[in-house]
Amino acid sequence: MLGSLNLGSIRGFLTSLYHGEGAGRKPIPPVSLLKAQLLKHLWRVPSDRRLSLLLKRNRGLARACGFRQKTPSHGLFTQFRHRLGRDGYEKVFSLLLEQLLKGGAVKGEVVALDGTAIKAYSQRSLDNKTGKSDSEARVGRGRRGFVLGYKVHMACCTGSELLLAFTVAPCNLNEKRFIKPLLEKLKSQGICAKTVLADAQYDSSKS
């Protein structure tokens, strides 16, 4: 799957994050580094160190990501994520979504909103409301009780079941605050949904 991905639309953006001329070694193709990050999440690899070891041992996966010879160290994967940053990841998502819209793979005529809680990699502080090592994480209600972490609020195309827009926030914030930002993100992508489906938690007279 990784080998067949067409990421040409984001190659220029990723390359722009690195120096183009002058002194310094030629960077590892950033598209390959991004594919490795996708592999990390799909295979649930817990760390960059484990990812580096996996690619070193599995040449088939390494070639699928685009690493023909030497595979990157775990430090290079960490540097790539920091270089890309949150804004960079959202830019990549936006460019890929634009490609899907132009190709007709996504219509967005009927959109469903939903949220899911993600546990933070942290213990709770003494106040039992915040994270000990993750100060931005908050305790909020998940599907199976209260969790410390974040909530991902998503807008998905019901026809293709693909993600159209998302936002991440501390777990304790009410869902009603995010329906308007999600709809604004859809509009910025040129998506004018005819029907929007959502749980009662997203319903608000102010939305």
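Predicted, not measured: the structure shown is a model, and the values here were computed from it.

Criteria and thresholds
Residues numbered from 1 in each chain as written. Predicted model: local features only at pLDDT ≥ 70, side-chain atom pairs only at ≥ 80, totals over all residues. Heavy atoms only, no water. Axes fitted to C-alpha atoms, helices over the stretch in contact; angles between N-to-C directions. Helix = DSSP H or I, 4+ residues; strand = E, 2+ residues; numbered from the N terminus. Parallel < 35°, antiparallel > 145°, perpendicular 65-115°, else oblique. Left-handed = near helix turned anticlockwise from the far one by under 90°. Contact = heavy atoms within 4.5 Å. Nonpolar A, V, L, I, M, F, W, Y, C, P; charged D, E, K, R; others polar. Salt bridge = Lys/Arg side-chain N within 4 Å of Asp/Glu carboxyl O. Buried < 20%, exposed > 50% of the residue type's maximum accessible area, 1.4 Å probe, protein only. Phe/Tyr/Trp six-rings, centres within 6.5 Å; stacked < 30°, edge-to-face > 60°. Lys NZ or Arg CZ within 6 Å of the ring centre and 35° of its normal. 1 Å grid on protein atoms, 1.4 Å probe; cavity = no way out; pocket = protein on both sides within 12 Å on 5 of 7 lines; lining within 4 Å. Points joined across faces, edges and corners; volume = space filled by probe spheres on them. Expected span 1.5 Å × (residues − 1). Bend = angle between axes of the 7 residues up to and from the residue.

Q: Hey, could you run me through the packing of helix α3 (residues 48–57) against helix α5 (residues 74–103) in this one?
A: The packing of two helices is summarised by the inter-axis angle and the distance between the axes. Contact geometry for α3 and α5: axes closest at 8 Å, N-to-C directions at 125°. Comparing the axis directions of α3 and α5 gives the class oblique. Here α3 runs over α5; the crossing is right-handed. Together, Asp48, Arg49, Leu51, Ser52 and Leu55 of α3 and His74, Phe77, Thr78 and Arg81 of α5 make up the contact between the two elements. Its residues placed into classes, the contact of α3 with α5 shows 3 nonpolar, 3 polar and 3 charged.

Q: Explain the environment of Val106 to me, please; I cannot follow it from the model alone.
A: On the secondary structure map, Val106 appears in the loop between α5 and β1 (110–119). Considering only alpha carbons, one finds Val106 and Leu164, 58 residues apart in sequence, at a separation of 8.7 Å.

Q: Please explain the pattern of salt bridges as it appears in this structure.
A: A side chain of one charge can pair with a side chain of the opposite charge when the charged atoms of the two come close. This structure, assessed with the given rule, holds 6 salt bridges. The closest approach of N and O atoms between Glu90 and Arg86, which form a salt bridge, is 3.7 Å. Here Glu90 and its partner Arg86 are both found in helix α5, 4 residues apart, which amounts to about one turn of the helix. Since its relative accessible area comes to 27%, Glu90 is described here as partly exposed. Take Arg86: its relative accessible area is 57%, and that puts it in the exposed class. The salt bridge partner of Glu175 is Lys151, with a shortest N-O separation of 3.0 Å.

Q: Is there a simple way to explain the packing of aromatic side chains in this structure?
A: Two aromatic rings are characterised by how far apart their centres lie and by the angle between their planes. Counted according to the given criterion, the structure contains 2 aromatic pairs. Taking 6.4 Å as the distance between ring centres and 70° as the angle between the ring planes, the aromatic pair formed by Phe67 and Phe77 counts as edge-to-face. In this pair, Phe67 sits in the loop between α4 (59–65) and α5 while Phe77 sits in helix α5, placing the two residues 10 residues apart along the sequence. There is no split in this pair, since Phe67 and Phe77 are both buried. The interplanar angle of 85° and the centroid separation of 5.2 Å between the aromatic rings of Phe93 and Phe166 together place this pair among those described as edge-to-face. Of this pair, Phe93 sits in helix α5 while Phe166 sits in strand β4 (residues 163–170); the two residues are 73 residues apart in sequence, bridging distant segments of the chain. Over the ring of Tyr18 we find Arg83; its NZ or CZ atom is 4.2 Å from the centre of that ring.

Q: Can you walk me through the layout of surface pockets in this structure?
A: To find leftover empty space, one rolls a probe the size of a water molecule over the atoms. In this structure, the largest pocket spans a volume of roughly 2,000 Å³. If you trace the largest pocket, you find 38 residues lining it, with Leu38, His41, Tyr89, Phe166 and Val168 closest to the centre. Going through the elements one at a time, α2 (30–42), α5, β1, β3 (145–157) and β4 are the ones with two or more residues in the lining of the largest pocket. A total of 12 residues in the lining of the largest pocket trace back to one element, the largest contributor, which is α5. By residue class, the composition of the lining of the largest pocket is 24 nonpolar, 8 polar and 6 charged.

Q: Sorry, what's going on with α5 here?
A: Each α-helix turn comprises 3.6 residues. Residues three or four places apart therefore point the same way. Between its terminal C-alpha atoms α5 stretches only 35 Å, short of the 44 Å expected from 30 residues at 1.5 Å a residue. The largest bend in α5 is about 80°, located at Gly85. Listed as buried for α5 are Phe77, Phe80, Leu84, Gly88, Val92, Leu95 and Leu97. Along its buried surface, α5 packs onto α1 (8–15), α2, α3 and β4. Following α5 by one or two positions, Gly104 has its phi on the positive side, about 80°.

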